[in-house]
Amino acid sequence: MINPHPILPEFDYIRPTTAEQAVHFLQTHSLQARPFLGGTDCLVAIRDRKISPAYLVDLKGLPGLADLSFYEKEGLLVGAAVNLNRLIAHPAVQAYYPLIMEAAREVGSYQLRTRATLAGNICNASPCGDTIAPCLAYQGAVTIQGEQGVREVPLSDFFLGPGKTMLEAGEIVTSIRLPKPPPSAAGTYSSIGRNTLGDLAITAVTVLAYPWQANPSGFRFLIVLSAVAPTVIFAQEAQQLLNEKPVNEERLQQAALLASQSSKPIDDIRASASYRREMVHVLTLRALRQVWQQLQEGNGHGS
């Protein structure tokens, strides 16, 4: 199909040198300005006339936003301007956060991932955003800077709806922090799309689990579902079952069914709600079996 809007409309390009400048400009032009990093979502939305900002505020050059560091106590710190290919290649991500590496590889093509950022994927707040679920499973948090200063918000509180977050006018995400998971953690990220290259997930399931003596089962399971609700969600009842009851094959099957029942998918051009719900069941059971085997064999992250 021929693109009816092949040319971008005019806008002013703003490149602040400090976060304070960026925040102030965005605050004083809140109805006309939009921040951007890689631009892989923003520029497409402008081209398609879904948004029409008068100003694009480039955050890539701000101090600290290109930082990517791992600390034994604090975990992984990902600056908002770090692109996905750089994230995937980092040794600490490969050793301790493989679910993020797996999910990031599902985002577009290699060329697109040289522009796309983890922060951008998170702030876009799409319920089918590939990297959101692993970041939730790893209990990540975003650092937000605004006119009133800096605050940190858990990702579990950050998403309010499709395309909606806790960010207020003028605020920007400067980094994402991911605590170091237990060395015996095991996990997997599974998704299904219409094709194998660059397609948005029809359904995706992330499972992370590790020994946790505070739970009656002796384990803590985190099950995160994508593209089946207004936001990426935890399968709370399925998690509770595996956290409180002895884990076995029958329990894994029950948890997969509970995860499917907790999903709230819609019918759209890409898949029906019933198909998505069934795929949650299939992918969750497959993921739980894989993770449970990893736990029993002691093949956890960083081990």
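What you are looking at is a predicted structure, and each value in this text was computed from that prediction instead of being measured.

Now for the overall build of the chain. When helices and strands are tallied, the chain shows 12 helices and 14 strands. Rg of the C-alpha trace for the chain: 20 Å, near the compact-globule value of 19 Å for 303 residues, within the 12% margin. Each principal axis of the C-alpha atoms in the chain carries an extent, and together these give about 60 × 45 × 30 Å. By the burial criterion, 51% of the 303 residues in the chain qualify as buried. Taking as baseline every contact in the chain between residues at least 6 positions apart, the subset at least 24 positions apart corresponds to 61%. Total accessible area on the chain is roughly 14,400 Å²; 52% of this is exposed by carbon and sulfur atoms. Seen as two clouds, the 25 positive and the 26 negative side-chain charges of the chain have centres 3 Å apart.

According to the stated counting rule, one finds 1 cavity of 30 Å³ or more in the structure shown. The volume enclosed by the largest cavity comes to roughly 30 Å³. Every residue lining the largest cavity is listed: Ala125, Ser126, Pro127, Ile132, Phe159, Pro230, Thr231 and Val232. Considering only residue class, the lining of the largest cavity consists of 6 nonpolar, 2 polar and no charged.

What follows concerns the sheet that holds strand E3 (residues 55-58). Taken together, the 3 strands give an open sheet; going across it, the order is E1-E3-E2, and neighbouring strands pair in parallel fashion. Here the strands that pair on one side only, and so sit at the sheet edges, are strand E1 (12-14) and strand E2 (33-36). Here the average twist between neighbouring strands, direction ignored, is 25°. Across 4 bridges, E2 lies against E3 in parallel orientation. Each bridged residue has a counterpart across the sheet, and for Phe36 the counterpart in E3 is Asp58.

A word on the pattern of salt bridges. Applying the stated criterion across every chain yields a total of 7 salt bridges. The residue Lys60 makes a salt bridge to Asp58 at a minimum N-O spacing of 2.9 Å. The closest approach of N and O atoms between Lys180 and Glu72, which form a salt bridge, is 2.6 Å. Of this pair, Lys180 sits in the loop between strand E10 (172-178) and strand E11 (186-192) while Glu72 is found in the loop between strand E4 (68-71) and strand E5 (75-79), placing the two residues 108 residues apart along the sequence. By relative accessible area, Lys180 is classed as partly exposed at 30%. With a relative accessible area of 51%, Glu72 lands in the exposed category.

Remark: helix H11 (residues 249-262) packs on helix H12 (residues 273-297), axes separated minimally by 8 Å, with the N-to-C direction vectors making an angle of 145°. Handedness of the crossing formed by H11 with H12: right-handed. Facing H11, whose interface residues are Glu249, Leu252, Gln253, Ala255, Ala256, Leu257, Ala259 and Ser260, H12 presents Arg277, Val280, His281, Thr284, Leu285, Leu288, Arg289 and Trp292. Among the residues making up the contact of H11 with H12, the classes are represented as 9 nonpolar, 4 polar and 3 charged.

One open sheet accounts for 5 strands, arranged E4-E5-E10-E6-E7; its pairing is antiparallel. Looking at the sheet topology across the chains shown, the edges are occupied by E4 and strand E7 (149-154). Going from strand to strand, the sheet's axes swing by 20° on average, the running direction of each strand aside. Relative to E10, strand E6 (residues 141-146) runs antiparallel, the two being bridged by 5 bridges. Residue Thr143 lies in a different strand from E10, and its bridge partner there is Ser175. Seen against the sheet, helix H1 (residues 19-28) touches E6 and E10 and runs at an angle of roughly 70° to E6.

The rules behind the values
- Residues numbered from 1 in each chain as written.
- Predicted model: local features only at pLDDT ≥ 70, side-chain atom pairs only at ≥ 80, totals over all residues.
- Heavy atoms only, no water.
- Helix = DSSP H or I, 4+ residues; strand = E, 2+ residues; numbered from the N terminus.
- Rg over C-alpha atoms; globule rule 2.2 N^0.38 Å.
- Buried < 20%, exposed > 50% of the residue type's maximum accessible area, 1.4 Å probe, protein only.
- Contact = heavy atoms within 4.5 Å.
- Areas by Shrake-Rupley, 256 points an atom, 1.4 Å probe, with all protein chains shown as cover.
- Lys, Arg positive; Asp, Glu negative; His and termini not counted.
- Charge placed at Lys NZ, Arg CZ, Asp CG, Glu CD.
- 1 Å grid on protein atoms, 1.4 Å probe; cavity = no way out; pocket = protein on both sides within 12 Å on 5 of 7 lines; lining within 4 Å.
- Points joined across faces, edges and corners; volume = space filled by probe spheres on them.
- Nonpolar A, V, L, I, M, F, W, Y, C, P; charged D, E, K, R; others polar.
- Pairing = 2+ DSSP bridges.
- Axes fitted to C-alpha atoms, helices over the stretch in contact; angles between N-to-C directions.
- Salt bridge = Lys/Arg side-chain N within 4 Å of Asp/Glu carboxyl O.
- Left-handed = near helix turned anticlockwise from the far one by under 90°.

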